[in-house]
Amino acid sequence: MKILTRNIDRPNPAHIDSYLVNEGYVALPRALNEMKPEEVIDEVKFSRLRGRGGAGFPAGMKWDFASRDRRKPKYIICNADEGEPGTFKDRVLIEKDPHAILEGMAIAGYAVGAEYGFIYIRGEYPVGARILERAIAEAEKRSFLGRNILNSGFNFHIVVHRGAGAYICGEETALIESLEGKRGQSRIRPPFPVNVGYSNLPTVVNNVETLASVAPIILRGGNWYANIGTHECPGTKLYSVSGHVRNPGVYELPMGVTLRELVFEHAGGMRENRTFKAAFPGGASSACLDESELDVRLDFNSLAAVGSMLGSGAVMVLDDTADMVKVAHVLIKFFEHESCGKCTPCREGLFWVRRVLDAILEGRGTEADLDLLLDVCEGIRSTSFCGLGEASINPVVSTIKKFRHEYMAYIRGQSLAESSMEEAS
Amino acid sequence: MIRSAEIFSSQEHRDMEAIVARYDSPASAILPLFHYIQKIQGYLSEDALTFVAEFVGVPHVRAFEVATYYTMLFTDPPGRHLIQLCRNLSCHVNGAEDILEKLKEELGIQVGGTSGDGLFTLVEVECIGACDLAPAVMVDGDLHGRVSADAVRGILDSYRGKA
Ligand SMILES: Cc1cc2nc3c(=O)[nH]c(=O)nc-3n(C[C@H](O)[C@H](O)[C@H](O)COP(=O)(O)O)c2cc1C
Ligand code: SF4
Ligand code: FES
């Protein structure tokens, strides 16, 4: 089922004419001419669309909060920071279907009463930023953006704003700080951006994929959308699949596809003569799944039920050649590097977790270190100021729980085979 | 007081005014101005920081804080071409370490260093959203995917010719 990826295989897909062929910019005039802002919000509520940036918050509800706040001006921010390791689906939408994002933003603006939009795009996507700027110019020329859009009296302006290399700026309050020309560090929530956002004014922050889902919902109706995927998590999802699969790439599938189907039927399965070992279903921030969990459904609720998370839908797949201790080390180094330094548990804790992993990898570890790691990780999880710290420990904790024998092999200075035999005896 | 004329042409000055005009709040233009200046001057000099702070009306320390917070901003001049090697998971398990070794060998530098001829600076970065093309390397704005150790020299050569 192609909703989000309906345009990406066209020749010159980013051009406005390619977008217009397939009912592009039909939803926007329909909303402006035939619907009240409240009706647009209701339609998105009926769809039960949940945010695709990681947290899965209902988009209609977020818009409702922002629309009820009477202060002006209001802002729509498209979160195109796409920093979660393993995620590259927003890049595909940005480069191949930028107008779908712009149309979704304009509809969101009309719904909540915002005249300004920003697209905060990570600095590492210079090509995407140029494509978005070109698309905005095209849309302004044809009066889909700018002043008095299609003579409706509604104005909506979009500015592309490039980040400069900081994962934390994907977190919505850090993003807003960064957009205000500060160091990108998280703010305390509440208050939430819907009331106190950019310049302390009402601001809707939505992920690229969330916004790209809006025009199809307005065109076909919320009920149509709500019937795709699972009841709790409707719609299609863009899964970014990478790692050791034969065909890494972005796959659009109804929410709730199983890990097995995604890996073996869509992503081409494992490389030759290799077997599945583990997968991180929601990027570096998620707990890994092992072979016994291949039939878990990849949606917000199902993954939460097994102690992991869907996050951005970044599925990183590992085969039997993967060394899970090294994997945990790579991921913890990432979080250590990206910690914004504002709070102690995350800043100091991640440093120590990494140091203990260094020691284990260098053969200086003890079995007691594993309990120490779990203990420190729990401290980081429960006391960190923002989501980065909270989720950062998931790869370490889950690999210790599910692949303890690999840690033990390092600790005993044995090969994995020897160590496993000892465990078994 | 840094007079803009000392470090920017009048065209550049107009470009920067246009950047500030995009925002209700001038301070929001700090990052875009930094990107702009870094593109034309290669890095953010002390004078550039002072200029930006005055241009948007914030204390100098604020410009300094921002410039040193983000990994893509440089307050010291890097080599002419910036090589960013992804070290995150999907690249790691697809051979990023071999590429790192090859790059270090070809350039005779460590991570963070600049080659003797001033042409290349090598840095490691986190996932650059090209995991489907792992292992991935970005040189300046260009993405190179599915890079093998054998391909490294060819990639470097293709930049050696360029200004
Ligand atoms: C550390 C961290 C990084 C995040 N990175 C991103 C990101 O790159 N892109 C994104 O859309 N959301 C990211 N989020 C989630 C945002 O804070 C926010 O929930 C989201 O942009 C809201 O949009 P949505 O409701 O459409 O998902 C991140 C959250 C955390 C805690
Ligand atoms: S948890 Fe980490 S990233 Fe979040 S505020 Fe604390 S130090 Fe910064
Ligand atoms: S892990 Fe290297 S580009 Fe994503």
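Basis of the calculations
Counting restarts for each chain: residues are numbered from 1 in the order of the written sequence. Whichever chain is written first becomes A and whichever ligand is written first becomes 1, with later ones labelled in order. Only residues with pLDDT of 70 or above have their local features reported here, since the model is predicted, and side-chain atom pairs are shown and tallied only from 80 upward, although totals for entire chains, interfaces and linings are computed over all residues. Hydrogens and water are ignored here; the side-chain numbers use all heavy atoms of the structure. A helix here means a DSSP run of H or I that spans at least four residues, while a strand means a run of E at least two residues long, and both kinds are numbered starting from the N terminus. For this analysis, a polar contact is any N or O atom pair within 3.5 Å, provided that within protein one partner can donate a hydrogen and the other can accept it, and provided that sequence-adjacent residues contribute only side-chain to side-chain pairs. Contact definition: two residues touch when any of their heavy atoms are within 4.5 Å. At least two DSSP bridges between two strands are required for those strands to pair. The axes are straight lines fitted to the C-alpha atoms, using for helices just the contacting stretch, and the angles between their N-to-C directions are given from 0 to 180°. Whether a residue is near a molecule or strand is decided by its heavy atoms; if any one of them lies within 4 Å of it, the residue is near. Polar here means any residue outside two lists: the nonpolar Ala, Val, Leu, Ile, Met, Phe, Trp, Tyr, Cys and Pro, and the charged Asp, Glu, Lys and Arg; Gly therefore counts as polar. Delimitation of the domains relies on an automatic or database domain assignment. Throughout, the accessible surface (probe 1.4 Å) given up by two parts as they are put together, summed over both, is called the buried area. What makes a salt bridge here is a side-chain nitrogen of Lys or Arg within 4 Å of a carboxyl oxygen of Asp or Glu, nothing more.

Enquirer: Can you walk me through the side chain of Thr230(A) in this structure?
Expert: Residues and elements named next belong to chain A. With respect to the helices and strands, Thr230 occurs in the loop between helix H11 (222-226) and strand E5 (236-243). Of note is the side chain of Thr230, whose polar atom sits 3.0 Å from the backbone nitrogen of Cys233. Contact partners of Thr230, with chain neighbours within four places excluded, come to Met255, Gly256 and Asp299.

Enquirer: I'm lost on the sheet that holds strand E3 (residues 157-162) of chain A in this one. Help?
Expert: Two modes of strand pairing occur in sheets, parallel and antiparallel, and in both the strands are linked by backbone hydrogen bonds. All names here are of chain A. Strand order in the open sheet made by the four strands is E3-E2-E1-E4, with parallel pairing throughout. Every other strand in the sheet has two partners, leaving E3 and strand E4 (203-207) as the edge strands with one partner each. Across this sheet, the average inter-strand angle for adjacent strands is 20 degrees, counted without regard to direction. Relative to E4, strand E1 (residues 75-80) is paired through five bridges, and the arrangement is parallel. Within E4, the position partnered with Asn79 by the bridge is Asn207. Running at roughly 150 degrees to E1, helix H6 (residues 98-112) makes contact with E1, strand E2 (116-121), E3 and E4 of the sheet.

Enquirer: What is the right way to read the site of ligand 2 from this model?
Expert: Around ligand 2 sit Ile168(A), Ser339(A), Cys340(A), Gly341(A), Lys342(A), Cys343(A), Cys346(A), Ser384(A), Phe385(A), Cys386(A), Leu388(A) and Gly389(A), and that is every residue in its neighbourhood. Residues that form the shell around ligand 2 fall into these classes: seven nonpolar, four polar and one charged.

Enquirer: Explain the domain arrangement of chain A here, please?
Expert: One frequent convention defines the size of an interface as the accessible area lost when the parts assemble. Residues and elements named next belong to chain A. Domain annotation of chain A identifies domain 1 (16-226), domain 2 (236-319) and domain 3 (324-424). In this structure, domain 1 and domain 2 have C-alpha centres spaced 27 Å apart. With 18 residues of domain 1 at the contact, the number on the domain 2 side is 19 residues. Summed over both sides, the interface of domain 1 with domain 2 buries roughly 1,300 Å², with 58% coming from carbon and sulfur. When the buried area of domain 1 at its contact with domain 2 is split by residue, Arg52, Glu84 and Phe88 rank highest and sum to 34% of it. For the salt bridge of Lys237 with Glu209, the shortest nitrogen-to-oxygen distance reads 2.7 Å. Linking domain 1 to domain 2 there are 10 residue pairs in polar contact (both at pLDDT 80 or more). The greatest single-element share of the side of domain 1 that touches domain 2, amounting to three residues, is contributed by helix H5 (residues 89-96).

Enquirer: Honestly, the domain arrangement of chain B in this entry has me stumped. Any pointers?
Expert: What the domain assignment reports for chain B is domain 1 (4-69) and domain 2 (81-160). The C-alpha centroid of domain 2 of chain B is placed 29 Å from the C-alpha centroid of domain 1 of chain B.

Enquirer: I'm lost on the sheet that holds strand E3 (residues 137-139) of chain B in this one. Help?
Expert: Residue and element names in this part refer to chain B. Read from one edge to the other, the open sheet built from four strands follows the order E2-E1-E3-E4, with strand pairing classed as mixed. Edge positions in the open sheet fall to strand E2 (120-125) and strand E4 (142-144), since each of these has one partner strand only. Taking the axes of each pair of neighbouring strands and ignoring which way they run, one obtains an average angle of 20 degrees across the sheet. As judged from the six bridges shared by strand E1 (residues 81-86) and E2, these two strands associate in the parallel manner. By the bridge assignment, Leu82 is partnered in E2 with Thr121.

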